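Letter by letter, the chains look like this.
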Amino acid sequence: MGVPEIEDAALLFVFGYNGADSHPIVARRIVRAKEKGAKIICADPRIIETARIADMHLQLKGGTNLLLVNALANTIIEEGLCDYDFIEQHSSGFDEFKEVVKVYTPESVAGRTGIAAEDIRKAARMYATSGRSMILYGMGVCQFGQAVDVVKTLANLTIMTGNLGRPSVGIGPVRGQNNVQGACDMGALPNVYPGYQSVTVPEIKAKFEKAWGAKLSDQPGFTLTMVPHQVLHEKDPAKQVHAYYILGEDPAQSDPDLAEVRESLEKCEFVVLQDIYMNKTGQYADVILPATGWCEHEGVYTCCDRGFQRFRKIIEPTGDVKRDWDIISQISTAMGYPMKYNNTEEIWNELIELCPNFAGATYEKIEKFGSIQWPCRDKSDSDRGTVYLHKGGKCSNPDGKAKFFATEWRPPQELENEEYPLALCTVREVGHYSVRTMTGNCRTLRNLEDEPGWVQISHEDAEALGIKHRELVRISSKRGSVITRANVTPRVKKGAVYMTYQWWIGACNELTNSVFDPISKTPEYKYCACKVEKIPNQAEAWEAVNKTLTDLRSSMRINVKRKGVSV
Ligand SMILES: Nc1nc2c(c(=O)[nH]1)N[C@H]1C(S)=C(S)[C@@H](COP(=O)(O)OP(=O)(O)OC[C@H]3O[C@@H](n4cnc5c(=O)[nH]c(N)nc54)[C@H](O)[C@@H]3O)O[C@H]1N2
Ligand SMILES: Nc1nc2c(c(=O)[nH]1)N[C@H]1C(S)=C(S)[C@@H](COP(=O)(O)OP(=O)(O)OC[C@H]3O[C@@H](n4cnc5c(=O)[nH]c(N)nc54)[C@H](O)[C@@H]3O)O[C@H]1N2
Ligand SMILES: [Mo]
């Protein structure tokens, strides 16, 4: 669906997605939908802004998504709220699915999810009967060891109620960064060429070999999250990683279990970092290639709704920097495969010729219409792209039907225990961005909020630990330990604490678990066991925080004088 369609839904089911902090522009559409009369159901373990404007807040316990979704499906079936015509005409596998969700009664999941059976029933009725229900989901779904399964079970809800293939319905993954959709579209994935064309299909491989005049492998590569293992523990020499070229990523801050990441960066024989700032990973790099930032070059981004958009250079770059594509071209040429492009349009034209789903999205058309959502197959102006997918219930499976998916719930891998009695979940905050190279280098934003970050903790847990709001605390898991400040808040329930992953001192990834979903390979950032401890000597702890930060900044060559932090 397109982002503007959000406004016209009759019901929004916002699931593990915190638009107000993560995507304020999308959040604005959610607010407008509400103003236009839409009902809102929010499924999130915290009282986020969406929960505050929602008609229902399902404040589930973290890690129980699949239990809740299967129970919603169970209710829709039991209460006869399915769209049987849609199921009959446009789906397969309903009977097997019914069998699996049979045992997921609202009563049977109430204890584990922390949601009353009657609330699950009420939400199921609201979702199934609104006429135009749309699901928006985010990292509260994706960052679990069981993530792809939950996406598919959410899709079950759309199929069984016929909320698919019409305007303002369906299921929307509100993709993370401004161009994460674009990076995937362009083939920055280990198993596909641009346009989601599999590397293992011989005809596709042959097509790209011919176009590029090169011999290509038919084996998928590794995901980013697999690299530490491939460097440290892989026995098969053909699968070991010895050199690591990192472009626009800071694994030494953003990947789980940082001690393991550092060990792998140290062991890796050759590390290249191509970035617009020095970051933590840069400390391990043998070579640093400085690139221009988003306002210093032009190109195409893809929005989370598959819309290609042009963006433009607004300032001239200063210093010894080059555009990312220029750096890649020069390295390729130096390595014996000459790559000569004069501008991004030449690269784009080569790309769309090789990707049937993008073929009609010329620079000229993107320019003329502002955004072209793929699939767009025809270059004529009459093909303006595809606003929403599966029109008329038609899906891309060989039989043209949507397939139900049924599976059992798996709990998170590392559960609370005697030594680490709290669940740690890691999220985002509005004032800083991802690894904070960009926002952390902006003085105004640093003045708003700075190191060592915060941990959200309930009043009950804080009281039991003798911790006061704003105090420095120590938080540890079996992998590591950091200092941060306590944010004692009624927005979170007892038993779970929440950190944001932007902080260099209060770096939550020292604690997180690197286990990942078997399909997406996305780590379980949203759940591991931890403990929080009071720090008796606050002054000493502040001194340690300031010293670590000064040392870190100087090792990262950040030449900024820091104002003393104080409580
Ligand atoms: N200001 C700012 N904006 C950003 C970013 C940033 O760093 N700063 N990062 C960008 C990126 S990379 C991304 S991917 C997006 C992500 O944006 P979001 O998808 O909003 O990501 P999160 O805030 O990590 O998680 C969303 C919600 O999931 C909830 N959650 C946790 N556990 C569970 C669970 O078990 N079930 C359910 N249903 N919910 C759960 C959390 O409480 C949280 O409110 O944001 C982007 N926008
Ligand atoms: N604990 C925990 N960890 C997480 C998450 C979480 O929820 N919890 N979320 C995960 C998610 S969803 C994501 S997407 C990742 C994000 O993590 P990262 O991708 O590592 O972080 P970013 O801040 O997006 O940027 C990475 C680097 O790109 C550089 N950069 C910016 N623009 C350009 C450019 O135009 N060219 C080049 N060459 N470099 C550029 C920045 O300076 C920065 O150093 O973090 C993941 N890590
Ligand atoms: Mo992301």
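Residues numbered from 1 in each chain as written. Chains lettered and ligands numbered in written order. Predicted model: local features only at pLDDT ≥ 70, side-chain atom pairs only at ≥ 80, totals over all residues. Heavy atoms only, no water.

## Considering the packing of aromatic side chains
Stage number 1. All chains considered together, the criterion is met by 14 aromatic pairs.
Stage number 2. Relative to Y127, the ring of F13 lies with its centre 6.1 Å away and its plane at 55°, an arrangement referred to as tilted. Remark: Y127 occurs in helix α8 (residues 117-129) and F13 occurs in strand β1 (residues 11-15); sequence separation between them is 114 residues.
Stage number 3. Look at F13 and you get buried, because its relative accessible area is 1%. (Phe/Tyr/Trp six-rings, centres within 6.5 Å; stacked < 30°, edge-to-face > 60°. Helix = DSSP H or I, 4+ residues; strand = E, 2+ residues; numbered from the N terminus. Buried < 20%, exposed > 50% of the residue type's maximum accessible area, 1.4 Å probe, protein only.)

## A short note on the environment of P375
Stage number 1. Within the secondary structure, P375 sits in the loop between β14 (372-373) and β15 (402-403).
Stage number 2. For P375, a relative accessible area of 16% translates into the label buried.
Stage number 3. As for P375 and Q309, which are separated by 66 residues in sequence, their C-alpha atoms are 14 Å apart.

## Some words on the sheet that holds strand β6 (residues 170-173)
Stage number 1. The sheet built from five strands is open, its strands ordered β3-β2-β1-β5-β6 with parallel pairing. Each edge of the open sheet is held by one strand with a lone partner, namely β3 (56-58) and β6. The mean angle between the axes of side-by-side strands here comes to 15°, regardless of whether they run parallel or antiparallel.
Stage number 2. The pairing of strand β2 (residues 39-43) with β3 spans three bridges and is classified as parallel. (Pairing = 2+ DSSP bridges. Axes fitted to C-alpha atoms, helices over the stretch in contact; angles between N-to-C directions.)

## A few points about the sheet that holds strand β9 (residues 243-247)
Stage number 1. With parallel pairing, the three strands of this open sheet are ordered in space as β9-β10-β11. The open sheet has two edge strands, β9 and β11 (287-290), and neither has a second partner. With direction set aside, neighbouring strand axes in the sheet form an average angle of 10°.
Stage number 2. Strand direction decides the pairing type here: β9 and strand β10 (residues 270-275), joined by five bridges, are parallel. Residue pairing for β10: Y245 is matched across the bridge by V272.
Stage number 3. Running at roughly 155° to β9, helix α16 (residues 324-334) makes contact with β9, β10 and β11 of the sheet. (Contact = heavy atoms within 4.5 Å.)

## Regarding the site of ligand 2
Stage number 1. Taken together, the neighbourhood of ligand 2 is formed by 27 residues, with D250, S254, D275, D324 and N509 sitting nearest.
Stage number 2. Note that a nitrogen atom of ligand 2 is positioned 3.1 Å from one of the backbone N or O atoms of Q274.
Stage number 3. Contact between ligand 2 and V435: an oxygen atom at 3.0 Å from a main-chain N or O atom of the residue.
Stage number 4. Coverage of ligand 2 by the protein amounts to 88% of the 910 Å² it exposes when considered alone.
Stage number 5. Where the shell around ligand 2 is concerned, the elements lending two or more residues are β10 and α19 (437-440).
Stage number 6. Of the residues assigned to the shell around ligand 2, the class counts are nine nonpolar, twelve polar and six charged. (Near = heavy atom within 4 Å. Polar contact = N/O pair within 3.5 Å; in protein donor to acceptor, adjacent residues only side chain to side chain. Areas by Shrake-Rupley, 256 points an atom, 1.4 Å probe, with all protein chains shown as cover. Nonpolar A, V, L, I, M, F, W, Y, C, P; charged D, E, K, R; others polar.)

## Here's the deal with the state of the cysteines
Linking two cysteines covalently through their sulfur atoms gives a disulfide.
Stage number 1. For the coordinates displayed, the defined rule picks out zero disulfides.
Stage number 2. C442 forms no disulfide, and the closest cysteine sulfur to it belongs to C295, at a distance of 12 Å.
Stage number 3. Using a relative accessible area of 28% as the deciding quantity, one classes C442 as partly exposed. (Disulfide = S-S within 2.5 Å.)

## Comments concerning α16
Stage number 1. Buried within α16 are the following residues: W325, D326, I327, S329 and S332.
Stage number 2. Against the buried residues of α16 lie β9, β10, β11 and α17 (344-354).
Stage number 3. In the stretch just after α16, G336 is the one whose phi turns positive, near 105°.

## With respect to the site of ligand 1
Stage number 1. Close to ligand 1 lie 33 residues, the nearest being D44, N65, R428, H432 and S434.
Stage number 2. Measuring from an oxygen atom of ligand 1, one finds a side-chain N or O atom of Q502 at 3.1 Å.
Stage number 3. Relative to its free-state accessible area of 920 Å², ligand 1 is covered by the protein chains to the extent of 96%.
Stage number 4. Considered class by class, the residues forming the shell around ligand 1 number 13 nonpolar, 14 polar and six charged.

## Focus: α8
Stage number 1. Counted at 1.5 Å a residue, the expected span for α8 with its 13 residues is 18 Å, and the 19 Å between its end C-alpha atoms agrees.
Stage number 2. Listing the buried residues of α8 in full gives A117, I120, R121, A123, A124, M126, Y127 and A128.
Stage number 3. Residue G131 follows α8 closely and has a positive phi angle near 95°. (Expected span 1.5 Å × (residues − 1).)

## Examining the packing of helix α4 (residues 65-78) against α8
Stage number 1. Relative to each other, α4 and α8 sit at 70°, their axes nearing to 9 Å. One element, α4, and the other, α8, form an angle in the roughly perpendicular class. The handedness of the crossing between α4 and α8 is right-handed. Every residue of α8 that contacts α4 at L68, A71, L72, T75 and I76 is listed here: I120, R121, A123, A124, Y127 and A128.
Stage number 2. Broken down by class, the residue content of the contact of α4 with α8 amounts to nine nonpolar, one polar and one charged. (Parallel < 35°, antiparallel > 145°, perpendicular 65-115°, else oblique. Left-handed = near helix turned anticlockwise from the far one by under 90°.)

## Structural notes on the side chain of E524
Stage number 1. Inspection of the secondary structure assignment puts E524 in the loop between β20 (496-500) and β21 (528-534).
Stage number 2. One buried charged residue, E524, remains without a salt bridge, the closest side chain of opposite sign being R410 at 7.2 Å.
Stage number 3. A distance of 2.9 Å separates a polar side-chain atom of E524 from the backbone nitrogen of Q413.
Stage number 4. Ignoring sequence-local partners within four residues, the contact set of E524 consists of Q143, F144, G145, Q146, P412, Q413, E414, N513 and V515. (Lys, Arg positive; Asp, Glu negative; His and termini not counted. Salt bridge = Lys/Arg side-chain N within 4 Å of Asp/Glu carboxyl O.)

## Points about the pairing of strand β5 (residues 133-137)
Stage number 1. Judged by how many residues are buried, β5 sits mostly within the fold: five of five residues are covered.
Stage number 2. The side-chain alternation of β5 yields two buried faces, one formed by S133, I135 and Y137 and the other by M134 and L136.
Stage number 3. Direction of pairing for β1 relative to β5: parallel, over a ladder of five bridges. Within β5, the residue paired with L11 across the bridge is S133.
Stage number 4. For β5 and β6, the ladder comprises four bridges, and the chain directions are parallel. Each bridged residue has a counterpart across the sheet, and for Y137 the counterpart in β6 is P173.

## Structural notes on the packing of α4 against helix α10 (residues 148-160)
Stage number 1. Contact geometry for α4 and α10: axes closest at 9 Å, N-to-C directions at 20°. The angle between the axes of α4 and α10 places the two elements in the roughly parallel class. Both α4 and α10 take part in a crossing whose hand is left-handed. Between α4, through N65, L66, V69, N70, L72, A73, I76 and I77, and α10, the contact on the second element is made entirely by D149, V150, T153, L154, L157 and M160.

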